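Fold and contact review
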Amino acid sequence: MIAGMWVRSTLAYRASFVMTTFGNFAATFFDFVAIMLMFTRVHALGGYSLPQVAFLYGLSAASFGLADLAIGSMDRLGRRVRDGTLDTLLVRPVPVLAQVAADRFALRRLGRVLQGSLVLGWALTRVEIDWTPLKLLLMPVTVASGCAIFCAVFVAGAAFQFVAQDASEVQNAFTYGGTTLLQYPPTVFAKELVRGVTFLLPLAFVNWLPAAYVLGRPYPLDLPGWVAFTPPLVAAGCCALAGLAWRAGLRSYRSTGS
Amino acid sequence: MGTGRLYVAVATGGFRRYATYRAATAAGVFTNTVFGLILVYTYRALWDAKPHLGGYDQAQAVTYVWLGQAFLSTLAIGGGGVEEELMDRIRTGDVAIDLYRPADLQLWWLAADLGRAFFQLLGRGVVPFVFGALCFPAYLPTDAGTWLAFLVTVLLAMVVSFGLRYLVALCAFWLLDGTGVGQMMWLAGYFCSGMLLPLNVFPGALGEVVRALPWSSLLQAPADVLLGHADPWRTYLFQGAWAVALLGLGRMMQSAATRRVVVQGG
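These figures come from a predicted structure and were not determined experimentally. (Residues numbered from 1 in each chain as written. Chains lettered and ligands numbered in written order. Predicted model: local features only at pLDDT ≥ 70, side-chain atom pairs only at ≥ 80, totals over all residues. Heavy atoms only, no water.)

The periodicity of an α-helix, 3.6 residues per turn, causes residues three or four places apart in sequence to face the same way. Residues and elements named next belong to chain B. Between its first and last C-alpha atoms helix H9 (residues 179-193) spans 21 Å; for 15 residues at 1.5 Å apiece the expected length is 21 Å, and the two agree. Three or more residues of H9 are buried, namely Gly-180, Gln-183, Met-185, Leu-187, Ala-188, Gly-189, Phe-191, Cys-192 and Ser-193. Positioned one or two residues after H9, Gly-194 has a phi angle of 95 degrees, which is positive. (Helix = DSSP H or I, 4+ residues; strand = E, 2+ residues; numbered from the N terminus. Expected span 1.5 Å × (residues − 1). Buried < 20%, exposed > 50% of the residue type's maximum accessible area, 1.4 Å probe, protein only.)

Here we come to the UniProt feature "transmembrane region" (unreviewed entry) in chain B. The feature "transmembrane region" (unreviewed entry), as given by UniProt, occupies residues 21-43, 121-140, 146-176 and 188-213 of chain B in the numbering adopted here. As annotated, residues 21-43 of chain B comprises 96% helix and 0% strand, and the C-alpha atoms at either end are separated by 32 Å. (UniProt positions renumbered as here; feature names shortened; annotations may be inferred.)

For the rest of this paragraph, the subject is unusual backbone geometry. The phi torsion at Asp222(A) lies on the positive side, around 55 degrees, for a residue other than glycine. Inspection of the secondary structure puts Asp222(A) in the loop between helix H11 (208-215) and helix H12 (231-252). Assessed through its relative accessible area of 73%, Asp222(A) is described here as exposed. One non-glycine residue with positive phi stands out, namely Ala76(B), at about 45 degrees. Looking at the secondary structure, you find Ala76(B) in the loop between helix H3 (58-74) and helix H4 (83-92).

All right, on to the packing of aromatic side chains then. Given two aromatic rings, their pairing is described by the distance between the two centres and the angle made by the two planes. A full pass over the atoms with the stated rule returns 24 aromatic pairs over all chains. When the ring of Trp147(B) is compared with that of Phe150(B), the centres are 5.9 Å apart and the planes differ by 90 degrees; the resulting orientation is edge-to-face. Taken together, the residues span about one helical turn, with Trp147(B) and Phe150(B) both in helix H7 (residues 144-170) at a distance of 3 residues. Its relative accessible area of 6% is what places Phe150(B) among the buried residues. Every member of this aromatic cluster is reached through a ring pair, and the members are Phe189(A), Trp208(A), Tyr41(B), Trp66(B), Phe131(B) and Phe136(B). A cation over an aromatic ring shows up here: Arg101(B) above the ring of Trp108(B), its NZ or CZ 4.3 Å from the ring centre. (Phe/Tyr/Trp six-rings, centres within 6.5 Å; stacked < 30°, edge-to-face > 60°. Lys NZ or Arg CZ within 6 Å of the ring centre and 35° of its normal.)

Given below as structure tokens:
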């Protein structure tokens, strides 16, 4: 309902809505333009061709876009903690998490989802895959799990803001930084970095591992084949941990009262 | 109080103001470092596949990445300088107070923005750059002359950057809400300054066009001087010409705007 209210409020200024949605679309599209520019000079990056990189890009951008659409407003929490307006949310009979997520719900973020889906669609027409029913089934599961993993990162970042009130940029490093990282093949990055985003912050499960299976490429870090099917489990685990962090953060909240 | 000293005071104020937000600065340093890391690996893969792309070797490409991260907030390439506050003041009508001051509107905001830029350079720029230079084989010139020439280009880049953003802010006199223009500026800044990819890697005519635009003064020009790829004097001329043109245009827009100013609110 809160989200619906914000949607109506943004639709009140239609021209502005169209412009900002286009802006969001274009802003994310530039990431991909950079990749295309790179491929005007080379044929492969980290051993991946342009359609294969586009496949990684599309999966990451679509998952991240959906998570951003759902709860991307989380980075406003720091400001609410700082100026004390979080109190208003605490006294309402609705879970605080739902309210913070719906706070300034921005439909214009559809631009990002749209752009990711378009790149993914283009990649699917170009990339060579021996499709099996299992691979087909894995696709929607991957996007849904990836979205859940990014949501968990958003929530954990918000929980962190209870402690570090004006450090919302740290969250950007993991959210926007995470999706940028996943848009490139794992072969590009140093082993330690890949290990970090596999075992510590399990971003690799958003697209690298399932994509390695679908594309029939070697797995990063020589992981066993079945890990391509674990994203739903990893996503569930991440969400549970993020939920715990959120509750701990909320309990530690002390109003600034001004 | 001499006018020169007045503007120095405004600039110092701008510097101090941004210096207050320590946690935000630390968070910014962290984010710039993370993004720099991701970019460094992708650039290294690119230069592995094609050595000497755009005339840079791999170490030079690494230096370029960390310069970009150092300049992102210093030159407010994606926006986020004083223009946002000025836009707000125009929208709410507070700008009328600024117009009463015995100081020039444009120079006042230029001084405030330079103060901000110097703080961001020291507070947010130096740490990611040093981190990058220590952790990856980077190209660093050894003679002081090159560094000095580079610092001059950085100063000129600050003025060009302000010139661009001042124009965006003045649009608020006509549009009231400058969000759309700001966003377009953000896109142009990212794409045309070389934040996405060095401009000398852009193919063919596209590369020539983006190198002639004012945004190339922001990252590409200082980087090329530091990397020994451009003659400093020609770079100064290029940046200086754009600075004069943009500030002049800003002055014209400013006088057109103040002649028809209608104060909001009351």
